[in-house]
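Observations on chain architecture
So you can see what is in the structure, the chains are spelled out below.
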Amino acid sequence: MAEEIKQVQKQNYKSNVKPIWCAGCGDFGVNAAINKALSDLGLQKSNVMIVSGIGCSSAMPHTFSTYGVHSLHGRLIPVATGVKFANSDLTVIGTGGDGDAYGIGLGHMLHAARRNINITYIVMNNEIYGLTTGQASPTSMQGAKTKSTPHGNLEVPENPIALAISAGATYVARAFSGDPMHMAELVKNGIRHNGFSLIDVFSPCVTFNDLNTYDWFRGRVYKLEQSGHDPKNKIAALEKSLEADTSGWEKVPIGLFYEENRPTYEDLDPVLKLGPLINQPSPSKEQLDKIMEEYL
Amino acid sequence: MLAKISARSGLHVFGYRGYQSIIRGGHVWYQIDISEEKLLSHQEGIDILVALNQDAINNQKSHLRENAVVVYDPTKTNTEILQGRNLRFVKLPMLDIAMKESGNPIMRNVAAIGAVLGLVGIDISIFESAITRMFTKKGEKVVSENIKVGSEGYKNSEVKQMFVIKGDKIHRHVIEGNAALALGAYASGCKLYSAYPMTPASTILHWFAEHEGNGVTYKQVEDEIAAINVTIGAASAGIRAMCGTSGGGFSLMVEGLGLAGMIEAPIVVVLSQRTGPSTGLPTKTEQGDVLFAMHASQGEFPRIVVAPRNIEECFKLSSDAFNLADRYQCPVIILMDLYMSEHSETTDAFNFDSIKIDRGKIAWQANPAERFKRYLYTDDGVSPRSIPGTPGLEFIAGSDEHDEYGDLVSDAFSGIDEYVETRRKMMRKRMNKIETMLKNEDVFHPAITNESAKNFLVTFGSTTGAALEAAQILNSQGMDFGVISFNYLMPLDADKTKKLLEGKSLIDVEVNFTAQLAQIIKSNTGIDIQNRILKYDGEAITAEQIAKEAQKIIQNK
């Protein structure tokens, strides 16, 4: 994998900040894939804003030399939404973990999907809480033994792909850190896509999750692109989104599940559609006087 | 409508709505005080009761003043319960008039307005011109029906000019607190308002929805957590942004408030208080969240808390809040309450020319030799910020403690000497802003009226109007009262505040249980105000109530 990562680091958007991740952490692959996607798209650094929550994976913005906010646990979507409202010219990328996206911040994720705001959300899903040293997460397998579930997790894992599709996300994909080239393509297309993109990434935690390892995933994942799946077909996408569950995690599709062209929030909003809010002039004296007259 | 017509005829108006938290119906009333003089609060007692239903008579009977006029519809209500009292009655078949002239039963209140105008001697021509102005947008039919129904009510009121008040012919504006606040923000470059509906802040959301455009938009989001974080994102991206809520929603915003403090994002948050705790009395007023607003969120960071004292300050302080937020790169909380948010008041047109926009320190030019230090150590605590999109000035704003670049000093670095020092310096840099604002802004102290008075009512925000009128009442009874009122609550210039309060006979007046202003005064100045007039029944305090209680306190001394 190290060879592959080197290969994808052509143009450098990275900062000098050394990532905090453990050696072998899946987040290195995501870091490389984002770097490659930005480089392939030739985006100007100053026009990219990476917004994260809290957790191991949320250290991501610091590893880049773009603009960014390392915000609160679960709240990166509202912060990113605010950024996009203010300046729709910025490429806004959300990066966080499964706790951020599917636990404490699930509500925001679903509403962002519904709103179809043009943000690319990359969720590093390691099925565990790593930064807090190994508690069950919303995507932990049923039966998984963690520090907070010593007798086995009682709950079934959340299905973010099915949730995102049904909530109205217009680009829904899944990647695997063991295949950063494939991931870079999905991230690149997600950034290109005009609308809310969710890219769920199996990003193994080598320290606290000894169940969902690289090898565990390697034996299970297959690429939708090679299976004849039509990502424009919503029903087929939903069916594919259920396959991991229904196969008892024996067959786990990765790749693009669903893509739809639907006007974004910014396209529909009568003010935002006129261009970035930050560039629009504020109300004139005449416009203000006219409002004041309403109170006469 | 009555308020607007009165204001157009040169009178002063103060309106306050009473309603219940049910979707439709319940006992709803609107109290309008009309006067030749500027009114600072709602008054006690009713001179004219327009009873649209029997509830109005039953529930308001104890508030009727001697010789008050009761306008009622003989087909809908009876006044038996009021017999034997010194009252005057005007029989007005409101429903019949409405049905005859417009076919719309809702129009019966327009008949009532016509009658009231007759009673107070306002010329019907002012009514006609006001209606034309207000309803032209809705079409000629609506205008003519309103005029017909109103004129019929005017003619039908049996007794003319029971009260005579004369306006000075100056056309005045009538505006609600929340609208004045929203307009202040709108006129000061606030480009995004983000909120989740909650009484009594919802009308700010409605205002922005109605006035969307001119480069300003709004968003109703999924909850208040989103509302404040959207605001932080927007402010981080370089625009002026505001969110608003009441206590329950503010509770959800608390973590976001700390984020704004830590990443030094200039945001404005409106907290319109209602009666708590918890859901409390959702449609009633209180000043119970002052200490909460001042201390909400973990850790310590600079913030500014302001509480408008009147309609002009709803506009002015909301406008100023954005300059302060930008200048000191910190959250500014505008503390309203249901009374201030929902009351309406006559005012001169707001002066838009007086608004000077100051975006504070912003870096535009990159130094190619050096990486941009977003959190540069400065003596005044304020570091130039860059606007995303500006080449060469990229940085990551972190909610973790960070160094001058914004790089984290948490996790792997905490505890290492070098980073212990970074933390100390960064904390001091942020906190130094408090000293800077106290030095540069001459606002963080109370105002005083009648400086040589023997006694003073001490109050803040929305209770100030009633306190000022209470002092007038007390002084007309031969006592000697002034008022010391706060509109900035945090930070406080302790020296100036102490100088103003020291050695005076003080009575603290607040609409809460624990005298939160008195607590703030004590902690800042050591002055412990023992005499207190506190109200916590959900209703706004009136000048009469304050005067009565103050009189008792003085007599018992």
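Reading guide: rules and limits
- Residues numbered from 1 in each chain as written.
- Chains lettered and ligands numbered in written order.
- Predicted model: local features only at pLDDT ≥ 70, side-chain atom pairs only at ≥ 80, totals over all residues.
- Heavy atoms only, no water.
- Helix = DSSP H or I, 4+ residues; strand = E, 2+ residues; numbered from the N terminus.
- Rg over C-alpha atoms; globule rule 2.2 N^0.38 Å.
- Contact = heavy atoms within 4.5 Å.
- Areas by Shrake-Rupley, 256 points an atom, 1.4 Å probe, with all protein chains shown as cover.
- Lys, Arg positive; Asp, Glu negative; His and termini not counted.
- Charge placed at Lys NZ, Arg CZ, Asp CG, Glu CD.
- 1 Å grid on protein atoms, 1.4 Å probe; cavity = no way out; pocket = protein on both sides within 12 Å on 5 of 7 lines; lining within 4 Å.
- Points joined across faces, edges and corners; volume = space filled by probe spheres on them.
- Nonpolar A, V, L, I, M, F, W, Y, C, P; charged D, E, K, R; others polar.
- Domains from an automatic or database assignment.
- Buried area = accessible area lost by both parts, 1.4 Å probe.
- Salt bridge = Lys/Arg side-chain N within 4 Å of Asp/Glu carboxyl O.
- Pairing = 2+ DSSP bridges.
- Axes fitted to C-alpha atoms, helices over the stretch in contact; angles between N-to-C directions.
- Core = buried A, V, L, I, M, F, W, Y, C linked by side-chain atoms within 4.5 Å.
- Buried < 20%, exposed > 50% of the residue type's maximum accessible area, 1.4 Å probe, protein only.

1. What to know about the overall build of chain B
Scanning chain B from terminus to terminus reveals 18 helices and 22 strands. In summary, chain B has a C-alpha radius of gyration of 26 Å against a globular reference of 24 Å for 557 residues, a match within 12%. Dimensions of chain B, computed from C-alpha atoms along their principal axes, come out at roughly 85 × 60 × 40 Å. Sequence separation of 24 or more characterises 72% of the internal contacts of chain B that already satisfy a separation of 6 or more. Split by element, the accessible area of chain B, about 21800 Å² in all, is 50% carbon and sulfur. Seen as two clouds, the 58 positive and the 68 negative side-chain charges of chain B have centres 3 Å apart.

2. Thoughts on empty space enclosed by the protein
A water-sized probe, rolled over the atoms, reveals where empty space remains. Applying the stated criterion across every chain, the model contains seven cavities of 30 Å³ or more. Contributing to the lining of the largest cavity are 17 residues, with B:Ser236, B:Ile263, B:Arg374, B:Phe395 and B:Ala397 lying nearest its centre. Going through the elements one at a time, strand S2 (67-70) of chain A together with helix H9 (224-236) and strand S15 (385-386) of chain B are the ones with two or more residues in the lining of the largest cavity. Residue contributions to the lining of the largest cavity peak at three residues, all from S2(A). Looking at the lining of the largest cavity residue by residue, the classes come out as eleven nonpolar, three polar and three charged. Counting contributing residues, the lining of the largest cavity receives three or more from each of domain 2 (175-354) and domain 3 (362-440) of chain B. Taken as a whole, the second largest cavity spans an internal volume of roughly 70 Å³. What lines the second largest cavity is A:Asn125, A:Glu127, A:Thr139, A:Glu158, A:Asn159, A:Pro160, A:Arg174, A:Phe202, A:Ser241, A:Ala244, A:Asp245 and A:Trp249. Classifying every residue of the lining of the second largest cavity by side-chain character gives four nonpolar, four polar and four charged.

3. Digging into the domain arrangement of chain B
Note on interface size: it is often stated as the accessible area lost on association of the parts. Residue and element names in this part refer to chain B. Its domain assignment divides chain B into domain 1 (2-171), domain 2 (175-354), domain 3 (362-440) and domain 4 (447-555). On a C-alpha basis, the centres of domain 1 and domain 2 stand 33 Å from each other. Between domain 1 and domain 2, the residue contacts involve 17 residues of the former and 14 residues of the latter. The three residues of domain 1 that bury the most area against domain 2 are Tyr 16, Tyr 19 and Lys 38, which together make up 41% of that side's buried surface. The residue Glu 342 makes a salt bridge to Arg 17 at a minimum N-O spacing of 3.6 Å.

4. Quick look at the sheet that holds strand S13 (residues 344-347) of chain B
All names here are of chain B. With respect to topology, four strands assemble into an open sheet ordered S2-S1-S13-S6, the strand pairing being antiparallel. Each of the sheet's edge strands pairs with one partner strand only, and the pair in question is strand S2 (29-35) and strand S6 (173-176). Taken over all neighbouring pairs, the strand axes of this sheet differ in orientation by 20° on average, direction set aside. Direction of pairing for strand S1 (residues 12-18) relative to S2: antiparallel, over a ladder of seven bridges.

5. Observations regarding the nonpolar core
Counting residues in each nonpolar core, the largest one holds 95 residues, and the members touching the most others are A:Tyr121, A:Phe196, B:Val269, B:Val458, B:Phe486 and B:Leu489. Filtering out sequence-adjacent residues up to four positions away, B:Leu489 remains in contact with B:Val290, B:Met294, B:Val305, B:Ala307, B:Leu335, B:Phe460, B:Leu517 and B:Ile520. Membership of the second largest hydrophobic core comes to 48 residues, among which are B:Ala187, B:Ile204, B:Val216 and B:Val268.

6. A few points about the environment of B:Asn450
Residues and elements named next belong to chain B. The topology assignment puts Asn 450 in the loop between strand S17 (447-448) and strand S18 (455-460). Accessibility expressed as a relative area gives 37% for Asn 450, which makes it partly exposed. Once residues within four sequence positions are removed from consideration, Asn 450 is found in contact with Phe 456, Asn 475, Asp 480, Phe 481 and Gly 482.

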